[in-house]
Amino acid sequence: MARIGIFGGSFNPPHLGHMLAVREFQKKLSLDLVLLIPASIPPHKQLSSNSPDAQTRLELTRLAAAKLPNTEVLDIELNRQGTSYTADTLTELKERYPNDALFLLMGTDMFFSFEKWYHPERITNLATIAVAHRNAEPTQALADCAQRLKDKYNARIEAVENDYLPHSSTSVRAMLAFGCAQEYLSPQVLDYITANKLYYVGENLKELPFERLSEVSLSLHMAKRVRHVIGCSQTAGELAKYYGENVIDAKRAGILHDITKALNAEEQLHLCEKYDIILNQFERENPKLLHAKTGATIAKKVFGESDAVYHAIYCHTTGKAQMNLLEKIIYLADYMEPNRDFSGVDEMRRLAYMNLDDAMLMGLRMSIEQLTVRNMQIDPNSLAALHFLEAKL
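The paragraphs below set out a description of the structure included in this document. (Residues numbered from 1 in each chain as written. Predicted model: local features only at pLDDT ≥ 70, side-chain atom pairs only at ≥ 80, totals over all residues. Heavy atoms only, no water.)

### Observations concerning the packing of helix H14 (residues 291-301) against helix H15 (residues 307-314)
Where H14 contacts H15, the axes come no closer than 7 Å and their chain directions differ by 165°. In terms of their interaxial angle, H14 and H15 are classed as roughly antiparallel. Note on packing geometry: the crossing formed by H14 with H15 is right-handed. Here Ala-292, Lys-293, Gly-295, Ala-296, Thr-297, Ala-299 and Lys-300 of H14 come into contact with H15, specifically with Asp-307, Tyr-310, Ile-313 and Tyr-314. Its residues assigned to classes, the contact of H14 with H15 shows six nonpolar, two polar and three charged. (Axes fitted to C-alpha atoms, helices over the stretch in contact; angles between N-to-C directions. Helix = DSSP H or I, 4+ residues; strand = E, 2+ residues; numbered from the N terminus. Parallel < 35°, antiparallel > 145°, perpendicular 65-115°, else oblique. Left-handed = near helix turned anticlockwise from the far one by under 90°. Contact = heavy atoms within 4.5 Å. Nonpolar A, V, L, I, M, F, W, Y, C, P; charged D, E, K, R; others polar.)

### Examining helix H9 (residues 210-219)
Owing to its 3.6 residues per turn, the α-helix aligns residues three or four sequence positions apart on the same side. Burial of H9 is extensive: seven of the ten residues sit out of reach of the surface. Within H9, the full set of buried residues consists of Phe-210, Leu-213, Ser-214, Val-216, Ser-217, Leu-218 and Ser-219. Looking at the buried residues of H9, the elements they touch are helix H7 (169-177), helix H10 (226-243) and helix H11 (247-256). (Buried < 20%, exposed > 50% of the residue type's maximum accessible area, 1.4 Å probe, protein only.)

### Quick look at the pattern of salt bridges
Where charged atoms from two side chains of opposite charge come close, those side chains can pair. Under the counting rule described, the total for this entry stands at 20 salt bridges. The closest approach of N and O atoms between Lys-320 and Glu-327, which form a salt bridge, is 3.5 Å. By relative accessible area, which is 3% here, Glu-327 ends up buried. A salt bridge links Glu-347 to Arg-350; its shortest N-O distance comes to 2.7 Å. Taken together, the residues Glu-347 and Arg-350, both in helix H17 (residues 345-352) and three residues apart, mark about one turn of the helix. On the basis of relative accessibility, which here comes to 42%, the residue Arg-350 falls in the partly exposed class. (Salt bridge = Lys/Arg side-chain N within 4 Å of Asp/Glu carboxyl O.)

These values are about where atoms sit, not about what they do.
Structure (structure tokens):
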């Protein structure tokens, strides 16, 4: 009886993190064969607007896995109409391999959402679930989820202690657009993407009309942040109109303000090296805050935005002393856009249409208080912004 791993996904694009996961599963589970199965229409996510078609993603996956031993790439989900449900794929594979043990391979992100899948009880009846880490998740959360699935579905679960690369397909797509993806893809995959101008590689993204800029920007964000980005851009435009600022600059800064937010700390530092962004000691110790600085640079270097847009994005997270009108608008739009829901947000919205400095003071004080309570470092720029505004009172 062979031990066969099934590793599905959108593979949009297939990156080195995927391939490392395959090798770790092979080693830790003693798998005889791994089947890589690109989804035609993924059930768990909507493909970004810059995604190639399923046949292209299949070809990319074949290139990525070409040197992996005991691995095959199957097109069975491309040959089936409709959404690519794992339950249907496993049913077909069980007919193909009736006497073999099937292992459904996944990362923790998919594992934690498993109960929302299509017919999870069919899946657990057909295969053992094998889960590997994608980052440093708490082990207790993984154990609790495993126990819940065992109790609910009588699931067989194998938790793998594995090496991993903390890159997501979302961040790799962004790094491709920013010209920094060489370290995350095999040469064969990168060459194919470059030759076929996929994921905006080779496309001139400078000075795009706002509608096209929005489409490109939103495709490079994590799906859960899209509503926030749209809300920030709309709010920035409304505040700019109210205060007589350049509405187009405000909307463009809003739609780009989080353009590098999907990147992890390592990827942020990679961007800084690529674009010669100078960091101070605080920024090196707190790379999660770098998205404002890297985002501003990408807005200018990749999208060709104005100095006004660059500076508004640059300080939208921390603020700074002597902020101009557009900078205050983007800071506040990010803080109070319609999808934000926290105690005091309605008061901030009211203040923003009465006196921007009063609204800024409220936002800065709230942020500093939250950081103090959590015993976290406070960016010197935030303190400088607060002291500057307080001195004007």
